[in-house]
Amino acid sequence: MSIAISPEDINAPTLKDLSIVRNEQKELNISPVHSLGVAFKTATFGMGCFWGAESLYGATTGVLRTTVGYAGGTKEGPTGDHTEVLEIDYDPNVISFKDLLHLFWNNHEYGLTTPIKRQYMSLILYHDEEQKTIAEQSKIEEQIKRSPEVITTEIRAKTNFYPAEDYHQKYRLQGHRDLCDTLNLNSKLLQTSYVATKLNGYLAGVGGFEQFKSEVDTMGLTPTQKEYCNYYVEKNEGQGLYC
């Protein structure tokens, strides 16, 4: 799942020599930050294909972890009648559930006001009564703004969540195979890693270069990793999300 290097990328930094990063990690006592150890709350949204949504929220300040998966159905296991969803751990002292909903309403790839098959439907799965109340009021407000279009979003209690296959997790980041190697990502960390969550968004062009610079020192990157990421974050800034 490596990305193709176009002619203008001939001089782009590379990470093919893993020993350079390993030496920096050892000499500078730096390691990838997979968890910040911050108290968090969780939100779960379905807004079409989950690849774009994961990048969108990953590069959002206050988001600590993202995991794509399947939820909302009645059958056991990730099969049949479930919907593609994104589970988001966020720091409520930095970003609110209402802020997350603002992104939700304004970043569907499809399906917000057009009925679509259950796999890609618009869905909010609330985790407690407070989230339910906020989501329902937010939907009313959004419906007024979008009239005469009719919002199709369903709001239901979260009862299950099945993580998606590894190749779906941090899909945009996995296009940077050598970088993933330097981050020591495995099956579990693809679902839980803080630095993977952030880079999956920033490298896709979300958030912007200036915001990336303000957060990069929380990620545990070496100088060589930073140089690589700086190049692609700046190059891809402003690209539209897609699946």
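None of these values were measured; they are calculated from a predicted model.

What follows deals with helix α10 (residues 223-236). Helix length check: α10 (14 residues) gives 20 Å between terminal C-alpha atoms against 20 Å at 1.5 Å per residue, within 8%. Within α10 the residues assigned to the buried category are T224, Q225, Y228, C229, Y232, V233 and N236. For α10, the angular spread of buried residues about the axis comes to 155°, placing them on one side. Looking at the buried side of α10, the elements it contacts are α1 (18-28), α6 (177-182), α8 (194-202) and α9 (209-215). A positive phi of about 85° marks G238, the residue just after α10.

This part covers α1. For an α-helix, 3.6 residues make a turn, and residues three or four places apart therefore share a direction. Among all positions in α1, only V21, E24 and Q25 are buried. End-on, the buried residues of α1 take up no more than an arc of 100°, which puts them together on one face. Exposed and oriented more than 90 degrees from the buried face of α1 are K26 and E27. Each element contacted by the buried residues of α1 is listed here: α6 and α10. Of the residues trailing α1, N29 is marked for its positive phi of about 55°.

Let us now look at the side chain of T182. Position of T182 relative to the elements: it lies in helix α6. Of the residues examined, T182 reaches a relative accessible area of 0% and is grouped as buried. Side-chain polar atoms of T182 contact the side chain of Q225, separated by 2.8 Å. Each residue touching T182, except ones within four places of it in the same chain, is listed here: L15, L18, V21, R22, Q25, P32 and Q225.

With that settled, consider the UniProt feature "domain: Selenoprotein methionine sulfoxide reductase A helical" (unreviewed entry) in the protein chain. Per the UniProt record, "domain: Selenoprotein methionine sulfoxide reductase A helical" (unreviewed entry) is found at residues 185-228. With 64% helix and 0% strand, the stretch residues 185-228 has end C-alpha atoms that lie 17 Å from each other.

Between α1 and α10, the shortest axis-to-axis distance is 8 Å and the interhelical angle comes to 125°. With respect to α10, the axis of α1 lies oblique. Of α10, the residues touching α1 (which contributes I20, V21, E24, Q25 and L28) are P223, T224 and Q225. Across the contact of α1 with α10, the residue classes break down as four nonpolar, three polar and one charged.

The next thing to look at is the nonpolar core. Counting 55 residues, the largest nonpolar core has F45, Y57, L173, L179, L199 and F212 as the members making the most contacts within it. Looking at this core element by element, the count peaks at six residues for helix α3 (residues 97-106). Those residues in contact with L199, other than ones at most four positions away along the chain, are L173, L179, L183, A204, F212, M219, L221 and C229. Formed by six residues, the second largest nonpolar core is a distinct cluster that contains A71, V85, L123 and L125.

Turning our eyes to something else, we now look at the packing of aromatic side chains. Describing an aromatic ring pair means giving the distance of the ring centres and the angle of the ring planes. The tally for this structure, following the rule as stated, stands at ten aromatic pairs. Ring centres 5.0 Å apart and planes at 45° place the aromatic pair F45 and F104 in the tilted group. Of this pair, F45 sits in strand β1 (residues 41-47) while F104 is found in helix α3, placing the two residues 59 residues apart along the sequence. On the accessibility criterion, F45 (1% relative accessible area) is buried. Accessibility expressed as a relative area gives 0% for F104, which makes it buried. By way of ring pairs, the aromatic residues F45, Y57, F97, F104 and W105 are connected into one cluster.

Another point: the pairing of strand β5 (residues 154-157). The sheet contact formed by strand β4 (residues 122-126) and β5 spans four bridges and is parallel. Counterpart to I124 in the pairing with β5 is I155. With respect to chirality, the unit in which β4 leads through helix α4 (residues 129-146) into the neighbouring parallel β5 is right-handed.

Calculation notes
Residues numbered from 1 in each chain as written. Predicted model: local features only at pLDDT ≥ 70, side-chain atom pairs only at ≥ 80, totals over all residues. Heavy atoms only, no water. Helix = DSSP H or I, 4+ residues; strand = E, 2+ residues; numbered from the N terminus. Expected span 1.5 Å × (residues − 1). Buried < 20%, exposed > 50% of the residue type's maximum accessible area, 1.4 Å probe, protein only. Arc of directions from axis to C-beta. Contact = heavy atoms within 4.5 Å. Polar contact = N/O pair within 3.5 Å; in protein donor to acceptor, adjacent residues only side chain to side chain. UniProt positions renumbered as here; feature names shortened; annotations may be inferred. Axes fitted to C-alpha atoms, helices over the stretch in contact; angles between N-to-C directions. Parallel < 35°, antiparallel > 145°, perpendicular 65-115°, else oblique. Nonpolar A, V, L, I, M, F, W, Y, C, P; charged D, E, K, R; others polar. Core = buried A, V, L, I, M, F, W, Y, C linked by side-chain atoms within 4.5 Å. Phe/Tyr/Trp six-rings, centres within 6.5 Å; stacked < 30°, edge-to-face > 60°. Pairing = 2+ DSSP bridges. Right-handed = clockwise from strand over helix to strand, strands pointing away.

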